[in-house]
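Close look at the chain arrangement
Spelled out from the first residue to the last, the chains are:
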Amino acid sequence: MLNKVKKYISKHNLLQYGKLYLVALSGGADSVCLLLLMKEMGYDIHAVHCNFHLRGDESDSDETFCRNLCEKQDIPLHVAHFDTKEYATLHKVSIEMAARELRYGYFEQLRGAINAECIVVAHHKNDNVETLFINLVRGTGINGMMAMKPRNGSIIRPLLCVTREEIVRYLNDCEQDYVTDSTNLVNDVVRNKIRLDVIPLLEGINPAVIENISRSIENISELSRIIDESMEKSMATCCRRENARYIIDIEKLKKQTVPEEVLFRILAQFDFPAPLIKSIYDNIDTQTGRTWTSAMHILAMDRGEMIVMSTTESDRHGNIEVRIPEEGLYNILDEVKIVIKRTERTDTFIPSKQKYHITIDCDKVKFPLVLRNVKQGDAMKPYGMKGRKLISDYLTDNKKDYFQRKHQLVLVDADGEIIWLLGERVSQTVACHDNTINILSVRYVNDEK
C-alpha cells in the first residue's frame, strides 16, 4: 500500500519534500492511516482536528484520541472547536454543510498562519465512488463524472488510489486503533445511504464494483484533459471581456460542437447552477432584456449576446444619485468623481470634444444639479439633433447593451432638464454659442477606465 500511494503522489506531483503540510485528522481509520503514511514517507506535517460538538461525549473522545495519537507520534496538533448547530441556524444551511464550511475555512486560515503548502485529506476510492453517485443523482456534467480530483486548489488527496479495505488492512498490520463515527453508521443522509445501501447492493452484483468504477473515473479524468483543451478554445472563440462585463456571442456559441456544454463551462464560473444554465440555454433565442440571476451574478440577453456581470458591481453602478449644489469636486464612487469649474470665456476658447468632459454655457445652467442613473421616460434635446428624444431610444439606436443602459448617467439641472447624457451628448439648451460669456467645465473622472 505504501508503494501504491508513493506512485500516486509521484504521478500527480502532489507533494514535495521540504515543505510543510497540514493533515486533516478526525480520528477515523482513513485520516489515521493518512497521518501514519505521511510520517512514514518522511514529509514535514502538522495535524489538525476539528471538534464540531455534534455527538456529545463522543466528539470529545475523538479529540482526546487525536491528541494522544499525535503525542505518541511526535506530530504537532492544532485543534479547533465549533458551535456547528448555531452556525447552521445562523447561515440557514444543513449541519453537514455547516461542518464542511467551518472545517475548510479553518483549514485555510491555519494553512496561511503556519505557512503550510497544502491541506492533505484522507478521501479514498470508496469516497470517490460515493461522490460520483451523489453527483449522478443530483445531475452532473463531465466534471461531476470525475468525482474528486487528486488536487483541488490547496486540497491534496493522496489516498484516492486505495480502498477503504486496504486502509483498514494497513492499520491492522500496524496494530493501530482508530475511532468510529457513529453517525456514519446511520443511513440518514445521501452519502450514508449510498455507502450503506447502494454500494453493498452493487457489490452483490459484482464484488469489484469499487475498483471498476474507480478505473472508469480515472479514464474519464484522462479524457477530460482533451475535452478541457477543446472547451478552452471554444470558450475563447465565443466570449470576450469588457471591463466588468463578460460577453458571450450567441451565434458563435451555437456553432460550437457541443454548445450547451460550452455554456455550462462558462456560466459555472459565475455560480450559475446546472438547472438554471439549462433554462438559459433552452431560452437562448429569447427577447432582449430577459435576465437570470445566480448567487453573485446577473445574466442579461441583449441582441444576440449574453452579458454577465456581478450583482455587486451592477447594483453599485445602478444606484447613483448625487446632488451638486455648486462648482467643486464630488466623489461619486471609490474610483469615480465629477469636477465642475466655472471660468470666463477667452478668445482662444475651444469647446471640449472629449467624451467625459464638456464645456457649456454657465449662464444657462441652473443649480443645484443632480447626477443620476437614467430613468424611464427621460428625454432631452441632444446637441446636433432636432427636437426632443427619449434617452431610451437614443441608447437603443446607439446599440447600448442592457447594463450600459441600466448604468447610463445623466446630469440634470434645477428645472429637471437633462443637460448631459454622460459620454454621449450635451443638451442643445446649454451648448456654447458665439454670445456665451461664462463657461462651465464639467469633467467626469473614472479611474477604472
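A short tour of the structure in this document, coming up. (Residues numbered from 1 in each chain as written. Predicted model: local features only at pLDDT ≥ 70, side-chain atom pairs only at ≥ 80, totals over all residues. Heavy atoms only, no water.)

As a further point, take the sheet that holds strand S10 (residues 297-302). The strand order S7-S8-S11-S10-S9 describes an open sheet built from five strands, whose pairing is antiparallel. Edge positions in the sheet fall to strand S7 (239-242) and strand S9 (291-293), since each has one partner strand and no second. The average angle at which neighbouring strand axes cross in this sheet is 20°, direction not considered. By the bridge criterion, six bridges tie S10 to strand S11 (residues 305-310) in an arrangement that is antiparallel. (Pairing = 2+ DSSP bridges. Helix = DSSP H or I, 4+ residues; strand = E, 2+ residues; numbered from the N terminus. Axes fitted to C-alpha atoms, helices over the stretch in contact; angles between N-to-C directions.)

What follows concerns the sheet that holds strand S1 (residues 20-24). Pairing within the open sheet is mixed, and its six strands lie in the order S3-S2-S1-S4-S6-S5. The strands lining the two open edges of the sheet, one partner per strand, are strand S3 (77-81) and strand S5 (151-152). As paired strands, strand S2 (residues 44-51) and S3 are joined by five bridges and run parallel to one another. The partner of asparagine 51 across the bridge, within S3, is histidine 81. Sitting on the sheet, helix H3 (residues 57-73) touches S2 and S3, and the angle it makes with S2 is about 165°. Each of S1, S2, S3, strand S4 (118-120) and strand S6 (155-156) touches helix H5 (residues 95-113); the most contacted strand, S2, lies at about 145° to it. (Contact = heavy atoms within 4.5 Å.)

Attention now goes to the pattern of salt bridges. On inspection of all chains with the given rule, the structure shows 29 salt bridges. The closest approach of N and O atoms between aspartate 62 and arginine 55, which form a salt bridge, is 2.5 Å. Since its relative accessible area comes to 21%, arginine 55 is described here as partly exposed. The residue arginine 240 makes a salt bridge to glutamate 242 at a minimum N-O spacing of 2.9 Å. (Salt bridge = Lys/Arg side-chain N within 4 Å of Asp/Glu carboxyl O. Buried < 20%, exposed > 50% of the residue type's maximum accessible area, 1.4 Å probe, protein only.)

Attention shifts here to the nonpolar core. Burial of nonpolar side chains together is a common tendency in soluble globular proteins. By size, the foremost hydrophobic cluster in this structure holds 39 residues, and its most contacted members are Leu15, Leu35 and Met38. Counting residues per element, the ones that place at least two in this core are helix H1 (2-11), S1, helix H2 (29-40), S2, H3, S4 and helix H8 (164-174). Ignoring any residue separated from it by four or fewer positions in sequence, one finds methionine 38 in contact with Leu15, Tyr21, Val23, Tyr43, Ile45 and Val120. Membership of the second largest hydrophobic core comes to 25 residues, among which are Leu333, Leu411, Trp420 and Val442. (Core = buried A, V, L, I, M, F, W, Y, C linked by side-chain atoms within 4.5 Å.)

It is worth spelling out unusual backbone geometry at this point. Cis peptide bonds are those with omega within 30 degrees of zero, and the linkage from phenylalanine 367 to proline 368 qualifies with 0°. Located in the positive-phi region is glutamate 175, a residue other than glycine, with phi close to 55°. Following the sequence through the fold, glutamate 175 ends up in the loop between H8 and helix H9 (190-205). Of the residues examined, glutamate 175 reaches a relative accessible area of 74% and is grouped as exposed. Unusually for a residue other than glycine, aspartate 271 sits at a positive phi of about 70°. For aspartate 271, the location among the structural elements is in the loop between helix H12 (259-268) and helix H13 (274-282). For aspartate 271, a relative accessible area of 37% corresponds to the partly exposed category.

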